[in-house]
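Here is how the chains run, residue by residue.
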Amino acid sequence: MVTPSPELVAVVRRWNDAMRRKDGRALTNMLSTSEHLLYQGSAEGETWRGPVLCEGFADHAREIPDFDWEETSLEAFEMGNVGWAHCLANLRFHSNGKLVPCRFTFVLVIEDGIWRMIQMHGSNGFPNMEKMGTEHAALDRLVKAAREGFSLDQREGLATVMFTDIVNSSGLAAAVGDRIWTATVSAHFRQVTQIVTDQGGQLVKSLGDGTMSSFTSARAALAAARDIQRQTAATDSEPPLTLRIGLHSGDVIQTKDDFFGNVVNKAARIASAAAPGEIRISDACRLMSAETPDLTFDDPVETELAGIAGRHVLFRLNW
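Counting from 1, residues in each chain are numbered in the order their sequence is written. The predicted nature of this model means local features are confined to residues of pLDDT at least 70 and side-chain atom pairs, given and counted, to a pLDDT of 80 or more, with totals for whole chains, interfaces and linings taken over all residues. Hydrogen atoms and water are omitted, and side-chain values are computed over all heavy atoms in the structure.

Peer 1: Let's hear about the sheet that holds strand 4 (residues 67-79): which residues, and what values?
Peer 2: Strand pairing is assigned whenever DSSP identifies at least 2 bridges connecting the two strands. By definition, any uninterrupted DSSP run of H or I lasting at least four residues is a helix, any uninterrupted run of E lasting at least two residues is a strand, and each is numbered from the N terminus. The seven strands are arranged 1-4-5-6-7-2-3 in an open sheet whose pairing can be described as mixed. Of all the strands in the sheet, just strand 1 (3-4) and strand 3 (47-49) have a single pairing partner and so form its edges. The contact criterion used throughout is that any non-hydrogen atoms of two residues lie within 4.5 Å. Axis definition: a line fitted to C-alpha atoms, over the contacting stretch in the case of helices. Angles run 0 to 180 degrees between N-to-C directions. Together, strand 2 (38-40), strand 3 and strand 7 (114-123) form the strand contacts of helix 3 (residues 50-63), whose direction differs from that of strand 3 by roughly 120°.

Below, the structure written as structure tokens:
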């Protein structure tokens, strides 16, 4: 039976206080160790999962400017080893004095006799820059986590890195609800993994609502990108998904302290520069993949990429 839970009310209040104090150790200790751990924020791309979330949540909390917390509502319930809570609060950030009404939901499970967070969702009506005067660097941290967890056998030589990203993921998730959205994204990830594997590549990491993969063959990577776009467009999912994909090829060297040099960062920036429904590739990737009837390129553009010096020529792969 579902019953109100004063115990979980106390647990959530300890969590909220640890967030306000930026107590990274306490927050990490209160997170589930399950691979299904999930945090969903308000902004697009603010989705973190599993070990990546455990490793990076303390840094995420420290990145938030100091704020005052006023709880306006908190209720919690439990049923067996599962519990959930809903909290309304007003946050006033010291960085700009803005008062932001926020909504939080939590799902908790008992692990080793202790209630721990397995899913958290925070939402509000303001972009990060407007509400607290700063932006999160979630993508960069997730790329770093992907580097640390990389297990491809290739240690040096040429490789092609591919990033995929679901367009307007936050808006779609809000429209259909967390249950349907989670199922849709999970099915999409399975589809991407199968295509990458079929083309001889490896899915390195799922990054929120996107993926990162690596291939020893540039042509195989482009074939995978084309097939991913085609199958995504042909899939009768609810909601329908639109992707942007970016690829870059270059020398790779994997050691304890280095991973792929600039190849990973540039591939991620190229994906960000792609329009919805596009596959954008670097000039290096194109040079390594001769144009054939099944792989054609057009619309070359010269552009800047955030955080990478110079101007870069990008081509569109027709799919």
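Peer 1: Explain helix 1 (residues 6-21) to me, and be specific about the residues and the numbers.
Peer 2: Helix length check: helix 1, at 16 residues, gives a terminal C-alpha distance of 23 Å against a target of 22 Å (1.5 Å per residue), a fit within 8%. A 1.4 Å probe rolled over the protein chains alone gives each residue an accessible area, and that area as a share of the maximum for its type sets the label: buried under 20%, exposed over 50%, partly exposed in between. Taken as a whole, helix 1 has its buried residues at Leu 8, Val 9, Val 11, Val 12, Trp 15, Asn 16, Ala 18 and Met 19. Check the buried side of helix 1 and you find it contacts helix 2 (24-29), helix 3, strand 4, strand 5 (82-93), strand 6 (99-111) and strand 7. Trailing helix 1 by a residue or two, Lys 22 shows a phi angle of about 60°, which is positive. The length a helix should cover is 1.5 Å for every residue beyond the first.

Peer 1: Describe the nonpolar core, listing the residues and the values that go with them.
Peer 2: Definition of nonpolar core: a set of buried residues of the types Ala, Val, Leu, Ile, Met, Phe, Trp, Tyr and Cys, connected through side-chain atoms within 4.5 Å. Ranked by size, the top nonpolar core spans 33 residues in total, and within it Trp 15, Phe 57, Phe 106, Met 117 and Met 120 carry the most contacts. When contributions to this core are tallied by element, the ones reaching two or more residues are helix 1, helix 3, strand 4, strand 5, strand 6 and strand 7. Sorting elements by how many residues they give to this core places helix 1 first, with seven residues. Phe 57 has contacts with Trp 15, Met 19, Leu 27, Leu 31 and Tyr 39, leaving out every residue within four places of it along the chain. Within the second largest apolar cluster, 28 residues are counted, among which are Phe 189, Ala 221, Ala 225 and Ile 281.

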